[in-house]
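Next come the chains, spelled out residue by residue.
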Amino acid sequence: MSYIVALTGGIGSGKSTVADSFARHGVSIIDADIIARQVVEPGEPALDALAQHFGQQIIEPEGSLNRAALRECIFSEPAEKEWVNQLLHPLIHAKTKQLFAAAKTPYVLWVVPLLVENGLQSQANRVLVVDVDEHTQLTRTMQRDGITRQQAEKILSAQASRQQRLACADDIIDNNGGAETLEPHVASLHSRYLELAASVTRQDIDKNE
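Notes on the structure in this doc start here. Counting starts from 1 at the beginning of each chain's written sequence and moves along it residue by residue. pLDDT decides what is reported in this predicted model: residues at 70 or higher carry local features, side-chain atom pairs at 80 or more are listed and counted, and totals for whole chains, interfaces and linings draw on all residues regardless. Only heavy atoms go into the side-chain values, all of them from the structure, while hydrogens and water stay out.

## Points about the nonpolar core
Put simply, a nonpolar core is a bunch of buried Ala, Val, Leu, Ile, Met, Phe, Trp, Tyr and Cys residues held in one set by side-chain atoms that sit within 4.5 Å of each other. Each residue is placed in one exposure class: buried if its accessible area under a 1.4 Å probe, protein chains only, is under 20% of its type's maximum, exposed if it is over 50%, and partly exposed if it falls in between. Leu 50 and Trp 110 are the most contacted members of the largest nonpolar core, which has 31 residues in total. Helix numbering and strand numbering both begin at the N terminus, where a helix is a DSSP run of H or I of at least 4 residues and a strand a DSSP run of E of at least 2. Those elements that provide at least two residues to this core are strand 1 (3-8), helix 2 (32-38), helix 3 (45-54), helix 4 (67-74), helix 5 (78-102), strand 3 (107-111) and strand 4 (126-131). Counting residues per element, this core draws most heavily on helix 3, which supplies five residues. The contact criterion used is simple: two residues touch if any of their non-hydrogen atoms lie within 4.5 Å. In this view, Leu 50 contacts Val 40, Gly 55, Ile 58, Leu 65, Leu 70, Trp 83, Val 84 and Leu 87; residues no more than four positions away in its chain are not counted. In terms of nonpolar packing, the next biggest core, distinct from the first, is built from 19 residues, Leu 7, Val 27, Leu 109 and Val 111 among them.

Quick look at the structure:
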């Protein structure tokens, strides 16, 4: 299995931009959000289970999951949200492990927006946090999603705090600036992660000899 670097950060921090930069270095990217969508695609057992539990109103006419309708069903119902989590999290975890095992690069970048919230830090060899100040988060989120400041603040308040994420970080990328400051930082971290991955591989070899 490849060395695992978990990438996380709050909404509007620029996780996707950072992940794209690592991808240009040839790093395998495993995105938790993409996996979460895959396990509820049409034809997947989880989608059928959701439809049986909540009814056909959570299914779009073409057969895909109506995420807005599902959110409405679980928004004020903690028990229903927990039921969904119990259904989906094991499937997401299993798919993630498959992708980890199949990766061919020395290390993988595991993009997990809710890494801290879900207590997944221990599943990675190293945690990289993309950090921006709250004003930047709010501004980027409002511009990207076309929402009000109040709506953006509500999203931020539901996530782990900036301090909680930084407390879990092995490495930090300050993404308040532009791409010209981001790229050199990513290049430096890429070299560091290759060294760390090689070190772990050597240790594994030594143990087996």
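Back to the write-up after that little detour.
## Re the pattern of salt bridges
In what follows, salt bridge is the name for a side-chain nitrogen of Lys or Arg lying within 4 Å of a carboxyl oxygen of Asp or Glu. Taken as a whole, this structure holds six salt bridges when the rule is applied. One salt bridge connects Glu 183 with Arg 24, and the closest N-O pair in it is separated by 2.6 Å. On the criterion of sequence distance, the pair formed by Glu 183 in helix 9 (residues 179-208) and Arg 24 in the loop between helix 1 (15-23) and strand 2 (28-31) is long-range, its members being 159 residues apart. By relative accessible area, which is 59% here, Arg 24 ends up exposed.

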